[in-house]
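# Report on the structure
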Amino acid sequence: MNFSPEIEERLARLQEKYEAMGQDMPSYLDGLLHADFLTYWDYIHLDTLLSLQNPKTPFPDEKIFICYHQITELYFKLVLHECEQITAAQPLTAAFFTARLKRINRYFGALTQSFEIMVDGMEKEQFLNFRMSLLPASGFQSGQYRMIEIYATDLVNLVVKDKRDELKNATIEDQFEYLYWKFGATELSTGKKTLTLKQFEKKYAKIFIELAKASTGHNFYALYNQFKSASKATPELEHELRQLDVNVNVNWPLSHYKSAVRYLNREPEEIKATGGTNWQKYLPPRFQKRIFYPSLWSAEEIENWGKAWVDSVLKEG
């Protein structure tokens, strides 16, 4: 059999590859001969993936709840994949930074648009029944989401609003004690941590603190400021950072707020979220004013952060 020059060239490259590894190429070729053809379902482990939905109750809509949260975590995994690429790039260019931010913004855009599945995709009575079997678990306990926040900005920008100035030069450990989300899972009457928060900190606190330390000088805001100082920040880069700020700190929490209003808002007293999280204060962007990139926004924009979005949802409700 005569091989084309293209095949011969590839065989020669394979020979070089396996010789460099100290391996025998014919053995690898035998392996190719015996191997089965790859299938779609094997490649993505479809059977395993579809076996991971295990409702705790007989209510049919619980499966929707589980599937959507799993989809969300897969998107978060994609976002973290891009975060790791940005912070590891050597050298990092404005073009690469911008391109990866665009990917992240697409992921969050898809998540926000799809959240109507949670807002209108379940029967309210089913949800209010099966949610009681999930205690104290809560979507609040998404470790991947907290990691995305840490990659995005200086940790002090995640500190509860009235402590940011005081803790501006504090240690990572001290700032960590006052992160905004902790106050969303603290009992208002006693100031005690809920079990949801205790579980979450036990599993992730060390990981979050280590990531925050590793990200000092390498998170997105720090990287942007380095580009700015070197006169390498582009309008496109600033646009994507602003969009990320809105996506993560306004659109995404507001989607949850809209869902909470639909399922948990009941006169004369709102229903507590799973895990006892204080969703009325925790979710609305205008209360927390979490802003990853404050220098990219005007004083007026910061003052009115998220207000228009929340007002529109309250009118709809």
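For the structure, check the block above.
Residues numbered from 1 in each chain as written. Predicted model: local features only at pLDDT ≥ 70, side-chain atom pairs only at ≥ 80, totals over all residues. Heavy atoms only, no water.

## Examining the nonpolar core
Operational definition: Residues belong to a common nonpolar core when they are buried Ala, Val, Leu, Ile, Met, Phe, Trp, Tyr or Cys residues joined through side-chain atoms within 4.5 Å. Here's how the labels work: a residue is buried when its accessible area is under 20% of the maximum for its type, exposed when over 50%, partly exposed in between, all with a 1.4 Å probe on protein chains only. Helix and strand definitions follow DSSP, with helices as H or I runs of at least four residues and strands as E runs of at least two, each counted in order from the N terminus. What makes two residues a contact is simply this: any of their non-hydrogen atoms within 4.5 Å.
Judged by nonpolar contacts, the single largest core of 69 residues is most densely connected at Phe97, Phe108, Trp181, Phe220, Leu241 and Tyr293. The element that contributes the greatest number of residues to this core is helix H11 (residues 195-215), accounting for eight residues. Here Phe97 is in contact with Ile86, Leu92, Phe220, Leu223, Tyr224, Phe227, Leu237 and Leu241, once residues within four sequence places are set aside.

## Concerning the pattern of salt bridges
Note the threshold: In what follows, salt bridge is the name for a side-chain nitrogen of Lys or Arg lying within 4 Å of a carboxyl oxygen of Asp or Glu.
Counted under the stated rule, the structure contains 13 salt bridges. A salt bridge links Arg13 to Glu9; the shortest N-O distance between them is 3.3 Å. Note that Arg13 and Glu9 are positioned in helix H1 (residues 5-20) at a spacing of four residues, about one turn of the helix. Taking relative accessible area as the criterion, Glu9 reaches 35% and is therefore assigned partly exposed. One salt-bridge network, held together by shared partners, links Glu177, Lys182, Lys193 and Glu201.

## Regarding the packing of helix H5 (residues 61-88) against helix H6 (residues 94-114)
We apply this condition: Between N-to-C directions, angles cover 0 to 180 degrees, with each direction set by a line fitted to C-alpha atoms, over the stretch in contact for helices. Here the angle decides the label: under 35 degrees means roughly parallel, over 145 means roughly antiparallel, 65 to 115 means roughly perpendicular, and every other value means oblique. Each residue is assigned to one class: nonpolar for Ala, Val, Leu, Ile, Met, Phe, Trp, Tyr, Cys and Pro, charged for Asp, Glu, Lys and Arg, and polar for all the others, Gly among them.
Their axes nearest at 9 Å, the elements H5 and H6 cross at an angle of 170 degrees. Looking at the two axes, H5 sits roughly antiparallel to H6. Where H5 approaches H6, its residues Tyr68, Thr72, Tyr75, Phe76, Leu78, Val79, Glu82, Cys83, Gln85 and Ile86 are matched on the opposing element by Phe96, Phe97, Arg100, Leu101, Arg103, Ile104, Tyr107, Phe108, Ala110, Leu111 and Ser114. Per-class residue counts for the contact of H5 with H6 are 15 nonpolar, three polar and three charged.

## As for the packing of aromatic side chains
Each pair of aromatic rings is reported with the distance of its centres and the angle of its planes. The line we're drawing: In this analysis, rings of Phe, Tyr and Trp, with Trp reduced to its six-membered ring, are considered paired at centre separations within 6.5 Å, and the interplanar angle assigns stacked below 30 degrees, edge-to-face beyond 60, and tilted for intermediate values. Two conditions define a charge sitting above a ring: the NZ of Lys or the CZ of Arg must be within 6 Å of the ring centre, and it must be within 35 degrees of the ring normal.
What the rule picks out here adds up to 25 aromatic pairs. Seen in terms of ring centroids, Phe76 and Phe108 are 6.1 Å apart; in terms of plane orientation they differ by 40 degrees. Their pairing is tilted. Within this pair, whereas Phe76 is found in helix H5, its partner Phe108 is found in helix H6, the two being separated by 32 residues in sequence. Both residues of the pair, Phe76 and Phe108, belong to the buried class. Among the aromatic residues, those joined into a ring-pair cluster are Tyr68, Phe76, Phe108, Phe115, Tyr145 and Trp252. Geometry around Tyr204 places Lys203 over its ring, the cationic atom sitting 5.4 Å from the centre. Just above the ring of Trp297 sits the side chain of Arg242; from NZ or CZ to the centre is 3.9 Å.

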